[in-house]
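Architecture and fold: a report
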Amino acid sequence: MLQKVVGGSIVLVGLLFAGNVQANEEAEKLAQQNACTACHGIDNKIVGPAYKDVAAKYADDGDALAKVKDSIKNGGKGKWGEVPMPAQPQLSDEQITLLAEWILSLK
C-alpha cells in the first residue's frame, strides 16, 4: 500500500512539474511574441527591469500577482524609473495571468 501511495505521489509531482515547464514555455513564448523581451531580460535589465528583479521586488507582497497583472495590462511609469511601460490591452486576462505568474516564479 505504501508503495502505491509513494509511487502515486511521484507521478503526481512529475505531472505538476511537467505542467509548470509547459506553462513556463508558453509564457516565455508569449513574452517574445508581444515584444516584452525587447525591454525585459530574464536575468538582465534592458530598458525595463529584469524579470528576476521584478520577482524579487514582489517576493513578500501578498498583492504581487494583482500588481504585476495591472502593470502588464495597463502599463506604468515610475516604479522602475522614468521610461514608461506600454499597456498590453491585446492580451486576454488568461494570458496576462500566465505572464504574471511566470515572472513571479523567477525568484
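The preceding data block contains the structure.
Chains are numbered independently. Their residues run from 1 in the order of the written sequence. In keeping with the model being predicted, local features are shown solely for residues with a pLDDT of at least 70 and side-chain atom pairs are shown and tallied solely at 80 or more, while totals for entire chains, interfaces and linings include all residues. The side-chain quantities take in all heavy atoms of the structure and omit both hydrogens and water.

1. Here we look at the pattern of salt bridges
- For this document, the term salt bridge refers to a Lys or Arg side-chain nitrogen within 4 Å of an Asp or Glu carboxyl oxygen. Scanning the model with the defined rule gives four salt bridges in all.
- The partner of Lys 52 in a salt bridge is Asp 43, with the nearest N and O atoms 2.9 Å apart.
- Residue exposure (1.4 Å probe, protein chains only): buried if accessible area is under 20% of the type maximum, exposed if over 50%, otherwise partly exposed. Of the residues examined, Asp 43 reaches a relative accessible area of 55% and is grouped as exposed.
- Note that Lys 67 and Asp 61 form a salt bridge whose closest N and O atoms lie 2.6 Å from each other.
- Judged by relative accessible area, Lys 67 falls into the partly exposed class, the value being 36%.
- Residue Asp 61 is classed as partly exposed on the basis of its relative accessible area, which comes to 23%.

2. Thoughts on the side chain of Asn 34
- Working definition: helices are DSSP H or I runs of at least four residues, strands are E runs of at least two. Numbering for both runs from the N terminus. Following the sequence through the fold, Asn 34 ends up in the loop between helix H1 (2-33) and helix H2 (51-57).
- When its relative accessible area of 18% is taken as the criterion, Asn 34 is described as buried.
- Throughout this description, a polar contact denotes any pair of N or O atoms lying within 3.5 Å of each other; where both atoms belong to protein, one of them has to be capable of donating a hydrogen while the other can accept it, and for residues adjacent in sequence the pair is counted only when both atoms sit in side chains. Among the polar contacts made by the side chain of Asn 34, one reaches the side chain of Gln 90 at a distance of 2.9 Å.
- Each residue touching Asn 34, except ones within four places of it in the same chain, is listed here: Gln 88, Gln 90 and Leu 91. By definition, residues are in contact when any of their heavy atoms lie within 4.5 Å.

3. A look at the nonpolar core
- Judged by nonpolar contacts, the single largest core of 18 residues is most densely connected at Tyr 51, Val 68, Ile 72, Leu 99, Trp 102 and Ile 103.
- Ranked by the residues each element gives to this core, the list is headed by helix H4 (residues 93-104), at six residues.
- Ignoring anything within four residues of it in the chain, the contact list for Trp 102 reads Asn 24, Ala 27, Glu 28, Ala 31, Ile 42 and Tyr 51. Definition used in this section: a nonpolar core is a set of buried Ala, Val, Leu, Ile, Met, Phe, Trp, Tyr and Cys residues joined via side-chain atoms within 4.5 Å.

4. Focus: H4
- Spanning 12 residues, H4 covers 16 Å between terminal C-alpha atoms, matching the ideal 16 Å at 1.5 Å per step.
- Looking only at H4, the buried set comprises Ile 96, Thr 97, Leu 99, Ala 100, Trp 102, Ile 103 and Leu 104. Given a helix with a known number of residues, its expected span is that number minus one, times 1.5 Å.

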